[in-house]
Amino acid sequence: MFTFPHEPSRLRMLVRSLAAAGAIALAPAGVLHAQAAPAGAPALVQGLPDFTDLVDQVGPAVVNIRTLEKAPDRSATNGMDEEMLEFFKRFGLPMPGGPRQQRPQRPDEEQPRGVGSGFILTPDGYVMTNAHVVEGAQEVLVTLTDKREFKAKIVGSDKRTDVAVVKIDATGLPAVKVGDMNRLRVGEWVMAIGSPFGLENTVTAGIVSAKQRDTGDYLPFIQTDVAINPGNSGGPLINMRGEVVGINSQIYSRSGGFMGISFAIPIDEAIRVSDQLRATGRVTRGRIGVQIGQVTKDVAESIGLGKTQGALVTGVEAGSPAEKAGVEAGDIITRFDGKAIDKISDLPRMVGNTRPGNKSTVTVFRRGATKDLPITVAEIEPDEKPGAAAGERNAPPKPKASAAAQQLGLAVVELTDAQKKELKVKGGVRVVSAAEAAARAGLREGDIILGIANTEIAGMKDFDAVLAKVDKTKPINVLFRRGEWTQYLVIRPAR
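Residues numbered from 1 in each chain as written. Predicted model: local features only at pLDDT ≥ 70, side-chain atom pairs only at ≥ 80, totals over all residues. Heavy atoms only, no water.

**A closer look at the overall build of the protein**
Here is step 1 of the chain: Secondary structure assignment for the protein yields eleven helices and 30 strands.
Here is step 2 of the chain: The buried share of the protein, reckoned over its 495 residues, is 43%.
Here is step 3 of the chain: For the protein, contacts bridging at least 24 residues in sequence account for 61% of all contacts bridging at least 6.
Here is step 4 of the chain: Total accessible area on the protein is roughly 26600 Å²; 52% of this is exposed by carbon and sulfur atoms. (Helix = DSSP H or I, 4+ residues; strand = E, 2+ residues; numbered from the N terminus. Buried < 20%, exposed > 50% of the residue type's maximum accessible area, 1.4 Å probe, protein only. Contact = heavy atoms within 4.5 Å. Areas by Shrake-Rupley, 256 points an atom, 1.4 Å probe, with all protein chains shown as cover.)

The following block contains the structure:
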């Protein structure tokens, strides 16, 4: 409601024009009222939110977390490592050991390591925070808003999702309410409480900028413009209903400080992890043993997939569930347990959230047809690392090239039985050289061509036969292997 006791004549004319148009209604006392919106229409202006009640409601459940570690012997740098020295230089802070010398620190003495935030999950003392907040800590100290301080035990942490749970010996604590991620909408107001730079109980606010932001294999992050800085890590992201919808975890920054983009772990993902940590102290995830790549628009169109979807299988691990199920390099996995794979990051999340030992189904698109393959999900190994690439091995001497391949700028040769066994492939031809259209498409010496134009290539005979039939004035899809990875590309004729 607005009042204009002495409005200028132009403003008075504008007001009367708006009233005549039906946008506003004029009361006898000169008071402007917003015209009532039609039934069912959303209110466009609702005023700025008031966070005071939310702070009173949720604030007592937010904690400050300090960690300590054993001090290494760093007498040469006054107890600081190179990272800390660089920190002081970058931010223009006075260097310890300058005008005021610090006493030498004993190697076995505990020293402050970091400051972070967290929130109380249950009244009996379970606290959630980020894994990177407590990683490597010798001791974890949790301080409540009433200034009580507790030594905490690390129940478990998960680096892949950056979620950790610690336990303090207390009861009757104020706990947070967990929100429903399905109700979270882009554009709605959210609030963060934490300890940026050690400033406890700091409140910042903003809006949800995006959902399902892909920045990691297992986490579709919530993006916000809430001010988050070092020390906010592990604190809650809270909606206007006073519910926790995320854990503030990361920022995008070129300066080390807040630049308007922050990321929070969705609370449903975090709760799923915390339940396992509280039950067993660790997180188990499923795996099927495939390496995957992006399905490009060109590839999708050329192989008849129709639209850009799914995950391209670039490699299948020997003895893995995928190999046993019949998944092949070059397959495009379009569904897992009946759920569509719209983008590449969907597959590792779906498989990772599946209990090891579960009998599932993968749907693959292979050479123009769709197949359902039964598969038994295995357990992912911690800190699993891929093996050495097969392409690092020495290649045999170059034999005579096929003449038919020259039309595409290719020179290829038959694979020997020893090479097939070493590469674990049933067939294919090896690229000796690539020029013109083949080189422009990205093929290079040492690549193994496994299929052309949706046709599997067993050897040189198949290769020549397929090339003789395809229309070389149109794009030709090629399935090839490079090192341990299998992928598609499209050879386009010269124009």
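**Some remarks on the nonpolar core**
Here is step 1 of the chain: Formed by 37 residues in total, the largest nonpolar core has its most connected members in Phe119 and Met128.
Here is step 2 of the chain: Ala437, Ile457, Phe463 and Ile491 belong to the second-largest nonpolar core, a separate cluster that totals 21 residues. (Core = buried A, V, L, I, M, F, W, Y, C linked by side-chain atoms within 4.5 Å.)

**Regarding helix H5 (residues 267–280)**
Here is step 1 of the chain: Here H5 spans 20 Å end to end across 14 residues, near enough to the 20 Å set by a 1.5 Å rise per residue.
Here is step 2 of the chain: Looking only at H5, the buried set comprises Ile267, Glu269, Ala270, Val273, Ser274 and Leu277. The buried residues of H5 all sit within an arc of 150° when viewed along its axis, so they share a single face. In H5, the exposed residues that point more than 90 degrees away from the buried face are Ala279 and Thr280.
Here is step 3 of the chain: Phi turns positive one or two residues past the end of H5, at glycine 281, with a value near 85°. (Expected span 1.5 Å × (residues − 1). Arc of directions from axis to C-beta.)

**So, a nonpolar patch on the surface**
Here is step 1 of the chain: Taken together, the side chains of Leu48, Trp189 and Met240 present a nonpolar region at the surface, about 330 Å² in accessible area.
Here is step 2 of the chain: Given the relative accessible area of 34%, tryptophan 189 is considered partly exposed. (Patch = residues over 30% accessible without salt bridge, like charges linked within 9 Å, V, L, I, M, F, W, Y side chains within 5 Å. Salt bridge = Lys/Arg side-chain N within 4 Å of Asp/Glu carboxyl O.)

**Some points on empty space enclosed by the protein**
Here is step 1 of the chain: Under the counting rule described, the total for this entry stands at two cavities of 30 Å³ or more.
Here is step 2 of the chain: Roughly 50 Å³ of internal volume is contained in the largest cavity.
Here is step 3 of the chain: Residue lining of the largest cavity: Val62, Val63, Asn64, Thr143, Leu144, Thr145, Ile193, Gly194, Ser195, Glu200 and Asn201, and that is the complete set.
Here is step 4 of the chain: For the lining of the largest cavity, the elements supplying multiple residues, two or more each, are strand E4 (62–70) and strand E11 (189–194).
Here is step 5 of the chain: For the lining of the largest cavity, the element with the highest residue contribution is E4, accounting for three residues.
Here is step 6 of the chain: The class makeup of the residues in the lining of the second largest cavity is three nonpolar, one polar and four charged. (1 Å grid on protein atoms, 1.4 Å probe; cavity = no way out; pocket = protein on both sides within 12 Å on 5 of 7 lines; lining within 4 Å. Points joined across faces, edges and corners; volume = space filled by probe spheres on them. Nonpolar A, V, L, I, M, F, W, Y, C, P; charged D, E, K, R; others polar.)

**Some thoughts on the pairing of strand E20 (residues 332–336)**
Across a regular strand the side chains alternate sides, sitting on one face of the sheet and then on the other.
Here is step 1 of the chain: Most of E20 sits out of view: four of its five residues are buried.
Here is step 2 of the chain: Where strand E19 (residues 311–316) and E20 come together, two bridges link them in antiparallel fashion. Along E20, the bridge assignment pairs leucine 312 with isoleucine 332.
Here is step 3 of the chain: Note: E20 against strand E22 (residues 359–366), four bridges, orientation antiparallel. (Pairing = 2+ DSSP bridges.)

**Side note on unusual backbone geometry**
Here is step 1 of the chain: Even without a glycine there, the phi angle at asparagine 201 is positive, about 55°.
Here is step 2 of the chain: Take asparagine 201: its relative accessible area is 40%, and that puts it in the partly exposed class.
Here is step 3 of the chain: For glutamine 212, which is not glycine, the phi torsion reads 55° and is therefore positive.
Here is step 4 of the chain: Its place among the elements puts glutamine 212 in strand E12 (residues 202–214).

**Comments concerning the pattern of salt bridges**
Here is step 1 of the chain: Counted under the stated rule, the structure contains 19 salt bridges.
Here is step 2 of the chain: For the salt bridge of lysine 147 with glutamate 200, the shortest nitrogen-to-oxygen distance reads 3.7 Å. Of this pair, lysine 147 sits in the loop between strand E7 (139–143) and strand E8 (149–158) while glutamate 200 sits in the loop between E11 and E12; the two residues are 53 residues apart in sequence, bridging distant segments of the chain.
Here is step 3 of the chain: Using a relative accessible area of 58% as the deciding quantity, one classes lysine 147 as exposed.

**A word on the side chain of threonine 354**
Here is step 1 of the chain: Following the sequence through the fold, threonine 354 ends up in the loop between helix H8 (346–352) and E22.
Here is step 2 of the chain: Setting aside residues up to four positions removed in sequence, threonine 354 forms contacts with Arg285, Gly286, Phe336, Ser360 and Val377.

**A few points about the packing of aromatic side chains**
Here is step 1 of the chain: Within the structure shown, the criterion is met by two aromatic pairs.
Here is step 2 of the chain: On the basis of an interplanar angle of 65° and a centroid distance of 6.0 Å, the ring pair of phenylalanine 51 and tryptophan 189 is categorised as edge-to-face. You can see phenylalanine 51 sitting in the loop between strand E3 (31–34) and helix H2 (52–58) and its partner tryptophan 189 sitting in strand E11, a full 138 residues away along the chain.
Here is step 3 of the chain: For arginine 278, the ring lying beneath its charged end belongs to tyrosine 126, and the centroid distance is 4.4 Å. (Phe/Tyr/Trp six-rings, centres within 6.5 Å; stacked < 30°, edge-to-face > 60°. Lys NZ or Arg CZ within 6 Å of the ring centre and 35° of its normal.)

**Quick word on the confidence of the model for the protein**
Here is step 1 of the chain: Put simply, the protein has an average pLDDT of 79, and 75% of its residues get 70 or more.
Here is step 2 of the chain: Within the protein, strand E1 (residues 2–3) has the poorest average pLDDT of any element, 38, and strand E6 (residues 126–129) the best, 97.
Here is step 3 of the chain: Confidence drops under pLDDT 50 across residues 98–105; counting only partners more than four residues distant or on other chains, this segment forms seven contacts.
Here is step 4 of the chain: Across residues 383–400, confidence stays below pLDDT 50; counting only partners more than four residues off in sequence or on other chains, it has 24 contacts. (pLDDT = per-residue confidence, 0-100.)

**Some words on the environment of proline 220**
Here is step 1 of the chain: Among the structural elements, proline 220 can be located in strand E13 (residues 220–224).
Here is step 2 of the chain: By relative accessible area, proline 220 is classed as buried at 6%.
Here is step 3 of the chain: For the pair formed by proline 220 and phenylalanine 263, sequence separation is 43 residues and the distance between their alpha carbons is 9.6 Å.
Here is step 4 of the chain: For proline 220, the contacting residues outside a window of four places in its chain are Gln212, Arg213, Pro266, Glu269 and Arg349.

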